[in-house]
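Summary of structural features
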Amino acid sequence: MKDFFLRNNAYHIWATKLLYESLGNISEENYKKDVGLFFKSIHGTLNHLLLVEKVWYSRLVGEVYVPASLAEEIEPDRQTLEIRMVQTLEKWNTWLQGLDNSIWPTLFRYKTMRGFEAELIFSDVVQHNFNHRTHHRGQITAAITQLGGKSPEIDFVYYLQTIGK
(Lines give C-alpha, C1' and ligand atoms only; values in the text may rest on other atoms or scores of the structure.)
Protein backbone atom coordinates (compact mmCIF):
# COMPACT_ATOMS: atom_id res chain seq x y z
CA MET A 1 0.00 0.00 0.00
CA LYS A 2 2.89 2.36 0.67
CA ASP A 3 3.89 2.12 -3.00
CA PHE A 4 0.36 3.15 -3.99
CA PHE A 5 0.54 6.28 -1.87
CA LEU A 6 4.09 7.10 -2.98
CA ARG A 7 3.00 6.83 -6.63
CA ASN A 8 -0.02 9.03 -5.90
CA ASN A 9 2.08 11.64 -4.15
CA ALA A 10 4.53 11.66 -7.08
CA TYR A 11 1.51 12.22 -9.33
CA HIS A 12 0.40 15.17 -7.21
CA ILE A 13 3.85 16.74 -7.42
CA TRP A 14 3.78 16.28 -11.21
CA ALA A 15 0.24 17.67 -11.54
CA THR A 16 0.97 20.63 -9.28
CA LYS A 17 4.03 21.60 -11.32
CA LEU A 18 2.01 21.41 -14.56
CA LEU A 19 -0.74 23.47 -12.98
CA TYR A 20 1.75 26.15 -12.01
CA GLU A 21 3.17 26.15 -15.56
CA SER A 22 -0.33 26.95 -16.83
CA LEU A 23 -0.69 29.67 -14.24
CA GLY A 24 2.40 31.39 -15.66
CA ASN A 25 0.17 32.85 -18.39
CA ILE A 26 -2.43 34.19 -15.94
CA SER A 27 -2.01 37.84 -14.97
CA GLU A 28 -1.62 38.82 -11.33
CA GLU A 29 -4.99 40.56 -11.52
CA ASN A 30 -6.75 37.41 -12.79
CA TYR A 31 -4.77 35.20 -10.41
CA LYS A 32 -6.26 37.08 -7.44
CA LYS A 33 -9.65 37.86 -9.04
CA ASP A 34 -12.79 36.39 -7.46
CA VAL A 35 -13.88 33.87 -10.10
CA GLY A 36 -16.51 32.18 -7.95
CA LEU A 37 -14.39 29.42 -6.45
CA PHE A 38 -15.16 28.39 -2.88
CA PHE A 39 -12.01 30.24 -1.82
CA LYS A 40 -12.83 32.91 -4.39
CA SER A 41 -9.66 33.21 -6.47
CA ILE A 42 -6.98 30.94 -7.86
CA HIS A 43 -4.64 32.37 -5.23
CA GLY A 44 -7.18 31.82 -2.46
CA THR A 45 -7.66 28.20 -3.53
CA LEU A 46 -3.92 27.49 -3.78
CA ASN A 47 -3.41 29.12 -0.40
CA HIS A 48 -6.17 26.94 1.04
CA LEU A 49 -4.46 23.86 -0.40
CA LEU A 50 -1.17 24.77 1.28
CA LEU A 51 -2.95 25.48 4.55
CA VAL A 52 -4.79 22.13 4.53
CA GLU A 53 -1.59 20.29 3.64
CA LYS A 54 -0.08 21.85 6.75
CA VAL A 55 -3.12 20.95 8.89
CA TRP A 56 -3.18 17.27 7.89
CA TYR A 57 0.57 16.80 7.84
CA SER A 58 0.86 18.23 11.35
CA ARG A 59 -1.89 15.91 12.58
CA LEU A 60 -0.25 12.87 11.02
CA VAL A 61 3.17 13.60 12.51
CA GLY A 62 1.75 14.41 15.95
CA GLU A 63 2.07 18.19 15.86
CA VAL A 64 -0.67 20.75 16.36
CA TYR A 65 -1.50 23.37 13.77
CA VAL A 66 -4.90 25.00 13.93
CA PRO A 67 -5.45 27.97 11.60
CA ALA A 68 -8.08 30.57 12.35
CA SER A 69 -10.07 29.40 9.30
CA LEU A 70 -9.68 27.29 6.18
CA ALA A 71 -9.43 30.52 4.19
CA GLU A 72 -6.61 32.02 6.27
CA GLU A 73 -3.92 33.40 4.00
CA ILE A 74 -0.62 31.84 5.00
CA GLU A 75 1.37 32.91 1.94
CA PRO A 76 0.48 36.14 0.11
CA ASP A 77 3.28 35.96 -2.46
CA ARG A 78 2.51 34.00 -5.63
CA GLN A 79 6.03 32.68 -6.31
CA THR A 80 6.69 31.81 -2.67
CA LEU A 81 3.35 29.99 -2.49
CA GLU A 82 4.39 27.84 -5.46
CA ILE A 83 7.76 27.02 -3.89
CA ARG A 84 6.17 26.17 -0.54
CA MET A 85 3.52 23.99 -2.18
CA VAL A 86 6.06 21.86 -4.05
CA GLN A 87 8.29 21.64 -0.96
CA THR A 88 5.31 20.52 1.12
CA LEU A 89 4.38 17.79 -1.35
CA GLU A 90 7.99 16.61 -1.40
CA LYS A 91 7.95 16.54 2.40
CA TRP A 92 4.92 14.23 2.23
CA ASN A 93 6.97 11.95 -0.02
CA THR A 94 9.77 11.70 2.54
CA TRP A 95 7.25 11.04 5.31
CA LEU A 96 5.44 8.35 3.30
CA GLN A 97 8.72 6.55 2.58
CA GLY A 98 9.34 6.22 6.31
CA LEU A 99 6.02 4.54 7.09
CA ASP A 100 5.71 0.86 7.91
CA ASN A 101 3.09 -1.03 5.91
CA SER A 102 1.36 -2.14 9.10
CA ILE A 103 0.04 1.39 9.73
CA TRP A 104 -2.44 1.60 6.83
CA PRO A 105 -5.39 -0.32 8.40
CA THR A 106 -4.95 1.20 11.88
CA LEU A 107 -7.28 3.79 13.39
CA PHE A 108 -6.02 7.34 13.43
CA ARG A 109 -7.32 9.67 16.11
CA TYR A 110 -7.16 13.43 15.77
CA LYS A 111 -8.88 16.61 16.82
CA THR A 112 -10.91 18.51 14.23
CA MET A 113 -10.55 22.26 13.75
CA ARG A 114 -13.76 22.62 15.76
CA GLY A 115 -12.14 20.74 18.64
CA PHE A 116 -13.98 17.44 18.30
CA GLU A 117 -12.24 14.10 18.62
CA ALA A 118 -12.37 12.08 15.39
CA GLU A 119 -11.24 8.63 14.37
CA LEU A 120 -10.65 7.35 10.84
CA ILE A 121 -8.68 4.57 9.20
CA PHE A 122 -5.13 5.82 8.60
CA SER A 123 -5.12 5.02 4.86
CA ASP A 124 -8.45 6.86 4.45
CA VAL A 125 -6.96 9.98 6.03
CA VAL A 126 -4.07 9.96 3.59
CA GLN A 127 -6.40 9.25 0.65
CA HIS A 128 -8.68 12.10 1.74
CA ASN A 129 -5.74 14.47 1.55
CA PHE A 130 -4.90 13.29 -1.98
CA ASN A 131 -8.54 13.61 -3.09
CA HIS A 132 -8.65 17.11 -1.62
CA ARG A 133 -5.71 18.12 -3.81
CA THR A 134 -7.42 16.76 -6.92
CA HIS A 135 -10.72 18.46 -6.08
CA HIS A 136 -9.23 21.93 -5.82
CA ARG A 137 -6.85 21.53 -8.77
CA GLY A 138 -9.98 20.76 -10.81
CA GLN A 139 -11.53 24.02 -9.67
CA ILE A 140 -8.37 25.90 -10.57
CA THR A 141 -8.17 24.37 -14.05
CA ALA A 142 -11.78 25.42 -14.66
CA ALA A 143 -10.87 28.95 -13.56
CA ILE A 144 -7.86 28.99 -15.89
CA THR A 145 -10.14 28.07 -18.79
CA GLN A 146 -12.73 30.67 -17.70
CA LEU A 147 -9.99 33.31 -17.76
CA GLY A 148 -9.01 32.35 -21.32
CA GLY A 149 -5.98 30.26 -20.42
CA LYS A 150 -5.07 26.74 -21.45
CA SER A 151 -5.84 24.13 -18.84
CA PRO A 152 -3.16 21.49 -18.30
CA GLU A 153 -3.91 17.81 -18.90
CA ILE A 154 -3.26 16.48 -15.41
CA ASP A 155 -5.35 13.33 -15.13
CA PHE A 156 -3.65 10.52 -13.24
CA VAL A 157 -3.60 8.36 -16.38
CA TYR A 158 -1.48 10.99 -18.18
CA TYR A 159 1.01 10.87 -15.34
CA LEU A 160 1.14 7.07 -15.56
CA GLN A 161 1.70 7.30 -19.31
CA THR A 162 4.57 9.74 -18.82
CA ILE A 163 6.36 7.46 -16.38
CA GLY A 164 5.64 4.38 -18.50
CA LYS A 165 3.59 2.37 -15.98
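Residues numbered from 1 in each chain as written. Predicted model: local features only at pLDDT ≥ 70, side-chain atom pairs only at ≥ 80, totals over all residues. Heavy atoms only, no water.

Labelled according to an unreviewed UniProt entry, the protein appears under the name Damage-inducible protein, originating from Leptospira vanthielii.

Let us look at helix H3 (residues 42-60). Taking 1.5 Å per residue as the helical rise, H3 with its 19 residues ought to reach 27 Å, and the 27 Å between its terminal C-alpha atoms agrees with that figure. Between a side-chain oxygen at the N-terminus of H3 and the backbone nitrogen of His43 the separation is 3.4 Å; the capping residue is Ser41. (Helix = DSSP H or I, 4+ residues; strand = E, 2+ residues; numbered from the N terminus. Expected span 1.5 Å × (residues − 1). Polar contact = N/O pair within 3.5 Å; in protein donor to acceptor, adjacent residues only side chain to side chain.)

Each full turn of the α-helix corresponds to 3.6 residues, which orients residues three or four apart in the same direction. The end-to-end C-alpha distance of helix H4 (residues 78-97) is 29 Å, a good match for the 28 Å that 20 residues give at a rise of 1.5 Å each. Sitting at the amino-terminal end of H4 is Asp77, which places a side-chain oxygen 3.4 Å from the backbone nitrogen of Gln79.

Considering all chains together, one arrives at 17 aromatic pairs under this definition. Sitting over the face of the ring of Trp56, Arg59 holds its NZ or CZ atom 4.4 Å from the ring centroid. Above the plane of the ring of Tyr31 lies Arg78, whose end atom (NZ or CZ) is 4.2 Å from the centre. (Phe/Tyr/Trp six-rings, centres within 6.5 Å; stacked < 30°, edge-to-face > 60°. Lys NZ or Arg CZ within 6 Å of the ring centre and 35° of its normal.)

Time to look at the environment of Trp95. Structurally, the position occupied by Trp95 is in helix H4. The class of Trp95 is buried, set by a relative accessible area of 13%. In this structure, the C-alpha to C-alpha distance between Trp95 and Val61, residues 34 residues apart in sequence, is 8.7 Å. Excluding residues that lie within four positions of it along the chain, Trp95 makes contacts with Tyr57, Leu60, Val61, Phe122 and Val126. (Buried < 20%, exposed > 50% of the residue type's maximum accessible area, 1.4 Å probe, protein only. Contact = heavy atoms within 4.5 Å.)

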